[in-house]
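Architecture and fold: a report
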Amino acid sequence: MTDMNMNKDLETGLPDDLKQCIAFHGHFCPGLAYGYLVARGAQKYLGLSRSSDEEVVAICENDSCSVDALQTLLGTTFGKGNLVFRDYGKNAFTIFSRNTGKAYRFSRKTDYVYEGENLEEYNALASGFSDGSLSPEQNARYRYLKGKDLALKPCEKVFDVREIEFERPPYAPLAPSTACAVCGELTMQTKMVKTGSGDFLCKPCAEQKDR
Ligand SMILES: [Zn+2]
Ligand SMILES: [Zn+2]
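Each helix and strand in the protein chain was counted, giving nine helices and nine strands. Out of the 211 residues in the protein chain, the part that is buried amounts to 32%. Expressed as a percentage of contacts within the protein chain between residues at least 6 apart in sequence, the contacts between residues at least 24 apart total 63%.

Right, dumping it as structure tokens:
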């Protein structure tokens, strides 16, 4: 991977938990750095370690690279159902601890100042980035430099962090499955559409019928 080779020099000085996130996500980028900061912040404010079950819940208001850092460090995963996606397109996250009942919301601040290494190189890449004139390699280098700068900042410098009142979210629902009356595939009944004649249809089949 050109991405990784080109940025080898930058990997020195990265904390081990960040390297874990990179290994899971597949590359290092500013998005992952945002999620890393939120995960670290949540660990600090909520006194968390990795969630073995569902005692930590993350509500992510975007589906960007950042979410993978939360999955890695907080154990809030898509599969366990303690990762809730809200499609708001915001760089904002709420992390809730069932043990303490406390929740914190992290919302990205609008101002950003690069404080990392290779400032001149970064500035040149940043202007290329805004022009859209970067080669794929330069783009990877830009994202790596910015990601590293972000990841090494204190969480509070990048995110507004505040404790919020938060209603305890329900545990991931487990519902019985029923065979769809059209395709026959087992489907969670709570996700199915009931027809006038009382049949349960899966969503794809129900939508097909409407056409
Ligand atoms: Zn990424
Ligand atoms: Zn079906």
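Back to the text.
A separate point is the sheet that holds strand E4 (residues 103–108). Across the sheet, which stays open at both edges, the five strands sit in the order E2-E1-E3-E4-E5 with mixed pairing between neighbours. The outermost strands of the open sheet, each flanked by one partner alone, are strand E2 (83–85) and strand E5 (159–164). Direction aside, the axes of adjacent strands within the sheet are offset by 15° on average. Two elements, strand E1 (residues 56–60) and E2, share three bridges in a ladder whose sense is parallel. Within E2, the residue paired with Ala 58 across the bridge is Leu 83. Along the sheet face, helix H5 (residues 66–74) touches E1, E2 and strand E3 (92–97) and points at about 175° away from the line of E1.

This brings us to the environment of Ala 103. Following the sequence through the fold, Ala 103 ends up in strand E4. For the pair Ala 103 and Val 56, spaced 47 residues apart in sequence, the C-alpha separation works out to 9.7 Å. The residues contacting Ala 103, other than those within four sequence positions of it, are Thr 94, Ile 95, Phe 96, Glu 163, Ile 164 and Phe 166.

The subject of this paragraph is the confidence of the model for the protein chain. Scored by pLDDT, the protein chain has a mean of 89; 90% of the residues are at 70 or more. When mean pLDDT is taken per element in the protein chain, helix H8 (residues 155–158) scores highest with 97 and helix H1 (residues 2–6) scores lowest with 49.

In this sheet, E4 lies alongside E3 in antiparallel orientation, the contact comprising five bridges. Bridge pairing in E4 places Ile 95 opposite Tyr 104. Counting the residues between successive antiparallel strands, the hairpin from E3 to E4 contains five residues, one of them, Gly 101, with a positive phi of roughly 75°. When E4 meets E5, the two strands line up antiparallel, connected through six bridges. Among the inter-strand pairings, Ser 107 is bridged to a residue of E5, identified as Asp 160.

Packing of helix H4 (residues 30–46) against H5 leaves a shortest axis separation of 6 Å and a crossing angle of 35°. Handedness of the H4/H5 crossing: right-handed. Where H4 abuts H5, its residues Gly 31, Leu 32, Tyr 34, Gly 35, Tyr 36, Val 38, Ala 39 and Ala 42 lie against Ser 66, Val 67, Asp 68, Ala 69, Leu 70, Leu 73 and Leu 74. Across the contact of H4 with H5, the residue classes tally to eleven nonpolar, three polar and one charged.

To continue, consider unusual backbone geometry. A positive phi angle, near 50°, is found at Asn 118, a position not held by glycine. Counting through the fold element by element, Asn 118 comes out in the loop between E4 and helix H6 (119–131). Given 16 C-beta atoms within 10 Å, Asn 118 falls into the partly exposed group.

This next bit is on helix H3 (residues 16–25). Residues spaced three or four apart along an α-helix face the same direction, because each turn holds 3.6 residues. Of the positions making up H3, those classed as buried are Leu 18, Cys 21, Ile 22 and His 25. One face of H3 carries all of its buried residues, which in axial projection span an arc of 100°. Turned more than 90 degrees off the buried face of H3, the exposed positions are Asp 16, Lys 19 and Ala 23. In this fold, the buried residues of H3 make contact with H4, H5 and helix H7 (136–151). Phi turns positive, to about 105°, at Gly 26, one or two residues after H3.

Let us now look at H4. Over its 17 residues, H4 runs 24 Å from end to end, which matches the ideal 24 Å to within 8%, given 1.5 Å per residue. Burial runs high along H4: twelve of the 17 residues are buried. Where H4 is concerned, the buried positions are Pro 30, Gly 31, Leu 32, Ala 33, Tyr 34, Gly 35, Tyr 36, Leu 37, Val 38, Ala 39, Gly 41 and Ala 42. Directly after H4, the chain includes Gly 47, whose backbone phi takes a positive value near 60°.

About the criteria used
Residues numbered from 1 in each chain as written. Chains lettered and ligands numbered in written order. Predicted model: local features only at pLDDT ≥ 70, side-chain atom pairs only at ≥ 80, totals over all residues. Helix = DSSP H or I, 4+ residues; strand = E, 2+ residues; numbered from the N terminus. Buried ≥ 20, exposed ≤ 12 C-beta atoms within 10 Å, placed from the backbone. Contact = placed C-beta atoms within 7 Å. Pairing = 2+ DSSP bridges. Axes fitted to C-alpha atoms, helices over the stretch in contact; angles between N-to-C directions. pLDDT = per-residue confidence, 0-100. Left-handed = near helix turned anticlockwise from the far one by under 90°. Nonpolar A, V, L, I, M, F, W, Y, C, P; charged D, E, K, R; others polar. Arc of directions from axis to C-beta. Expected span 1.5 Å × (residues − 1).

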